[in-house]
Amino acid sequence: TYAARLADGSALTPLVHVWVCAPTSNDHEQVWREFLSATVDLPRKAFESKGAERLILFGGARNDREAIHIEFKSAWRPESLVGVGLDFLYCTEWALFQQEADENLDDRLASPERLGVRILNGTPTLRPSARYRREFRAAASGDPRYLFTNLPSWANTRLGNAELETLLKIK
């Protein structure tokens, strides 16, 4: 996406826009540290401000248009999840997001010229909503708007045999 837009002279600002969202402050801080570690060898600039972290890849300034902007957002404040169109939305522990956060995030993915792809992960539990199961099935069937990075339910060491049997029966 980035290379193609750069080569085509795209007018999008930034060329690629990504949000990384987590349901709690602890999850938010952990995923920020993971992204810092994973991008250490890339040309980047990290802006760290409690609750407003941002990585600029292949650029150096907050307003660098020809870059990949990765902003870290907290879903525990759903009212802050507004304002821009996104190419990618990475939600960690998505099963724990509040409905209002999900609704605000849906609007970010409907922007013209942006890819609007949702990348979701989370520990499988008995709790996921019908929406979670529906979107997981859409990803499994090849819908390009979704990518799940979940482990299978049997990998959740907190679930016993009875809970796994219940999960098998959920449609």
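See the structure shown above.
What you are looking at is a predicted structure, and each value in this text was computed from that prediction instead of being measured.

## Some points on the packing of aromatic side chains
- Overall, the coordinates contain four aromatic pairs when judged by the stated rule.
- Aromatic pair Trp 32 and Phe 72: ring centres 4.8 Å apart, planes at 80°, arrangement edge-to-face. Placement of the pair is Trp 32 in helix α2 (residues 25–38) and Phe 72 in strand β4 (residues 68–74), with a sequence separation of 40 residues.
- With a centroid separation of 6.1 Å and an interplanar angle of 55°, the aromatic rings of Phe 35 and Tyr 90 are classed as tilted. Residue Phe 35 is located in helix α2, and its partner Tyr 90 is located in strand β5 (residues 88–91); the two are separated by 55 residues in the primary sequence.
- Looking at Tyr 90, the relative accessible area reads 17%, which means it is buried.
- These aromatic residues form a ring-pair network of at least three members: Trp 32, Phe 35, Phe 72 and Tyr 90.

## Quick word on the side chain of Thr 39
- Here Thr 39 lies in the loop between α2 and β2 (44–47).
- With a relative accessible area of 6%, Thr 39 lands in the buried category.
- A distance of 2.8 Å separates polar atoms of two side chains, one belonging to Thr 39 and the other to Arg 44.

## Here's the deal with helix α4 (residues 130–140)
- Taken together, the buried positions of α4 are Arg 131, Tyr 132, Glu 135, Ala 138 and Ala 139. The buried residues of α4 occupy an angular sector of 125° when the element is viewed end-on, so they sit on one face.
- Against α3 (99–108), β6 (117–120) and β7 (146–148) lie the buried residues of α4.
- Downstream of α4 by a residue or two, Gly 142 has a phi angle that is positive, lying close to 100°.

## Some remarks on the nonpolar core
- Among the nonpolar cores identified, the biggest contains 19 residues, and Cys 21, Leu 89, Cys 91, Phe 97 and Leu 105 are the most heavily contacted of them.
- Broken down by secondary-structure element, the contributors of at least two residues to this core are β1 (16–22), β5, α3, α4 and β7.
- The element best represented in this core is α4, accounting for three residues.
- The residues touching Cys 91, leaving out its near neighbours within four places in the chain, are Cys 21, Phe 97, Leu 105, Arg 118, Ile 119, Leu 120 and Asn 121.
- One finds Leu 15, Leu 55, Leu 57 and Tyr 90 within the second-largest nonpolar core, a separate group that totals 15 residues.

## Brief notes about the pairing of β1
- By the criterion of burial, β1 is predominantly enclosed, with seven of the seven residues buried.
- Judged by which residues are buried, β1 turns out to be covered on both faces: Val 16, Val 18, Val 20 and Ala 22 on one side and His 17, Trp 19 and Cys 21 on the other are all buried.
- Sheet topology places β1 next to β4; seven bridges connect them, and they run parallel. When the sheet's bridge partners are listed, Trp 19 is paired in β4 with Glu 71.
- Note: β1 against β5, four bridges, orientation parallel. Within the sheet, the bridge partner assigned to Val 18 lies in β5 and is Phe 88.

Rules used throughout
- Residues numbered from 1 in each chain as written.
- Predicted model: local features only at pLDDT ≥ 70, side-chain atom pairs only at ≥ 80, totals over all residues.
- Heavy atoms only, no water.
- Phe/Tyr/Trp six-rings, centres within 6.5 Å; stacked < 30°, edge-to-face > 60°.
- Helix = DSSP H or I, 4+ residues; strand = E, 2+ residues; numbered from the N terminus.
- Buried < 20%, exposed > 50% of the residue type's maximum accessible area, 1.4 Å probe, protein only.
- Polar contact = N/O pair within 3.5 Å; in protein donor to acceptor, adjacent residues only side chain to side chain.
- Arc of directions from axis to C-beta.
- Contact = heavy atoms within 4.5 Å.
- Core = buried A, V, L, I, M, F, W, Y, C linked by side-chain atoms within 4.5 Å.
- Pairing = 2+ DSSP bridges.

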